[in-house]
Amino acid sequence: MQVLERIRARAASSLRHIVLPEGDDDRTIRAASLCVQGRLAQLTLIGDEGVIRDKASKISAALTGVSILDHRRSSDREQYAARYYEARRQMDDPLYFANMMVREGRADGSVSGATHTTGHTVGAALKCLGPKPGLKIVSSFFLMVVPGSQFGEGGAFIFADCGVVIEPSASELAEIAIASAESARALLQAEPRVAMLSFSTKGSASHPLVDKVIEATRTLRARAPELLVDGELQADAALVPAVGQSKAPGSPVAGRANTLVFPNLEAGNIGYKLVERLAGAVAVGPILQGLAHPANDLSRGCNAEDIRDAVAITAVQAQAL
């Protein structure tokens, strides 16, 4: 778990302001308390202050140092509504309000999804924040930490995209890889070694699905020639040094990959869940990437500790801007 401990320490080293729009959720309240106790971020909960404090009292969560903002009564409501093209009624939605706080510089990032769908969370972030300059799509990744693993970056990996883009084109796959490399550099504090995954390694199979990964790799090299990237690679060739040397001799990535880019959401989602369940890995995410400012999604099955770690990651993403 050293990578998560390092991320928390980095978050604490230079505090960022993170807003949690699902302020009346018990898990979010507990997470806010944990974050303040660990000095991970400056926290604002969105919602009715009376309701939030009543719930905090019932679950024995100390909110000393946590700001509470009722978006329906905020003096910023009209300003945000005027700047947002869908106008005033969207400011009733705490996710939109939170992301407008980020857009207007009142906060550095947002974390939500404990009680809202991924579609709602991503939609609010996209409409309020938009993609990062130079990118056209927003995608996601999981920070995977495999205990005792000799692969990746001390057992830590970036897996993308496992939560947002269902069937990326070759050009979109290249953008996912560019964003994933930035995420690896920010969170793993290591040089990204990007493997473009397929069921083929260097022409071992012929199929249009393989051709897409080959084209994506070619596009990626043209757009980001400084990156260490290779494809198409099967998972074993990407991870295991002996297999990588056998199947892709001379590759700068094969057998050493720390950033795995899956060909579509189906493969990525299945892949991360298999590693999580069969290898006992910690899967933190889905974390959004490619946005102009940090805004992150949670699983609706998350707990307070998951939210705490998402806050720390969001803070580190904000530090990297």
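Look up a bit, the structure's there.
Residues numbered from 1 in each chain as written. Predicted model: local features only at pLDDT ≥ 70, side-chain atom pairs only at ≥ 80, totals over all residues. Heavy atoms only, no water.

1. Some details on the overall build of the protein
Part 1: Per the secondary structure count, the protein includes 12 helices and 11 strands.
Part 2: With respect to the principal axes defined by its C-alpha atoms, the protein has extents near 65 × 40 × 30 Å.
Part 3: Looking at the protein as a whole, 56% of its 321 residues qualify as buried.
Part 4: Long-range contacts, defined here as pairs at least 24 residues apart, represent 71% of the contacts in the protein between residues at least 6 apart.
Part 5: Accessible surface computed for the protein: about 13,400 Å², of which carbon and sulfur atoms make up 50%.
Part 6: Here the protein contributes 34 positively and 35 negatively charged side chains, and the mean placements of these two sets differ by 2 Å. (Helix = DSSP H or I, 4+ residues; strand = E, 2+ residues; numbered from the N terminus. Buried < 20%, exposed > 50% of the residue type's maximum accessible area, 1.4 Å probe, protein only. Contact = heavy atoms within 4.5 Å. Areas by Shrake-Rupley, 256 points an atom, 1.4 Å probe, with all protein chains shown as cover. Lys, Arg positive; Asp, Glu negative; His and termini not counted. Charge placed at Lys NZ, Arg CZ, Asp CG, Glu CD.)

2. Things to note about the state of the cysteines
Part 1: Per the counting criterion, the structure on display carries zero disulfides.
Part 2: As a non-bridged cysteine, Cys35 has Cys302 as the owner of its nearest cysteine sulfur, 12 Å distant.
Part 3: Using a relative accessible area of 0% as the deciding quantity, one classes Cys35 as buried. (Disulfide = S-S within 2.5 Å.)

3. Here's the deal with the packing of aromatic side chains
Part 1: Scanning the model with the defined rule gives three aromatic pairs in all.
Part 2: With 3.8 Å between their ring centres and 20 degrees between their planes, Phe142 and Tyr272 make a pair best called stacked. Here Phe142 is found in strand S5 (residues 139-145), whereas its partner Tyr272 is found in helix H11 (residues 265-278), with 130 residues between them in sequence.
Part 3: The buried category is assigned to Phe142, whose relative accessible area is 4%.
Part 4: According to the relative accessible area criterion, Tyr272 is buried, its value standing at 8%.
Part 5: On the basis of an interplanar angle of 65 degrees and a centroid distance of 6.0 Å, the ring pair of Phe157 and Phe159 is categorised as edge-to-face. Of the two residues, Phe157 and Phe159, both sit in the buried class. (Phe/Tyr/Trp six-rings, centres within 6.5 Å; stacked < 30°, edge-to-face > 60°.)

4. Comments concerning the pairing of strand S2 (residues 42-46)
Part 1: Most of S2 sits out of view: four of its five residues are buried.
Part 2: Of the strand pairs in this sheet, strand S1 (residues 17-20) and S2 are connected by four bridges, and their pairing is parallel. In the strand pairing of S2, His17 is matched with Gln42.
Part 3: Each parallel crossover has a hand, and the one from S1 via helix H2 (residues 26-37) to S2 is right-handed.
Part 4: One ladder, built from three bridges, connects S2 with strand S3 (residues 67-69); its direction is parallel. Bridged to Ile46 within S3 is Leu69.
Part 5: Note that the unit made of S2, helix H3 (residues 49-58) and S3 has a crossover that is right-handed. (Pairing = 2+ DSSP bridges. Right-handed = clockwise from strand over helix to strand, strands pointing away.)

5. Looking at helix H1 (residues 2-13)
Part 1: For H1, with 12 residues, the first-to-last C-alpha span of 16 Å sits near the 16 Å given by 1.5 Å per residue.
Part 2: Val3, Leu4, Ile7, Arg10 and Ala11 are the residues of H1 that are buried. With its buried residues spanning 120 degrees around the axis, H1 presents them on a single face. Exposed residues lying more than 90 degrees from the buried face of H1 are Gln2 and Ser13.
Part 3: Taken together, the buried residues of H1 touch S5, strand S6 (156-160), helix H7 (170-187), strand S10 (282-289) and helix H12 (304-319). (Expected span 1.5 Å × (residues − 1). Arc of directions from axis to C-beta.)

6. Describing the pairing of S10
Part 1: Within S10, six of the eight residues are buried, leaving the element largely enclosed by the surrounding structure.
Part 2: Across six bridges, S5 lies against S10 in antiparallel orientation. Bridging across to S10, Val145 finds its partner in Val282.

7. Some thoughts on the sheet that holds S3
Part 1: Read from one edge to the other, the open sheet built from five strands follows the order S3-S2-S1-S4-S11, with strand pairing classed as parallel. The outermost strands of the open sheet, each flanked by one partner alone, are S3 and strand S11 (295-297). With direction set aside, neighbouring strand axes in the sheet form an average angle of 25 degrees.
Part 2: The sheet strands contacting H2 are S1 and S2, and the helix crosses S2 at an angle near 165 degrees.
Part 3: Helix H5 (residues 94-103) rests against S1, S2, S3, strand S4 (109-112) and S11 of the sheet, and its axis sits at about 160 degrees to S4. (Axes fitted to C-alpha atoms, helices over the stretch in contact; angles between N-to-C directions.)

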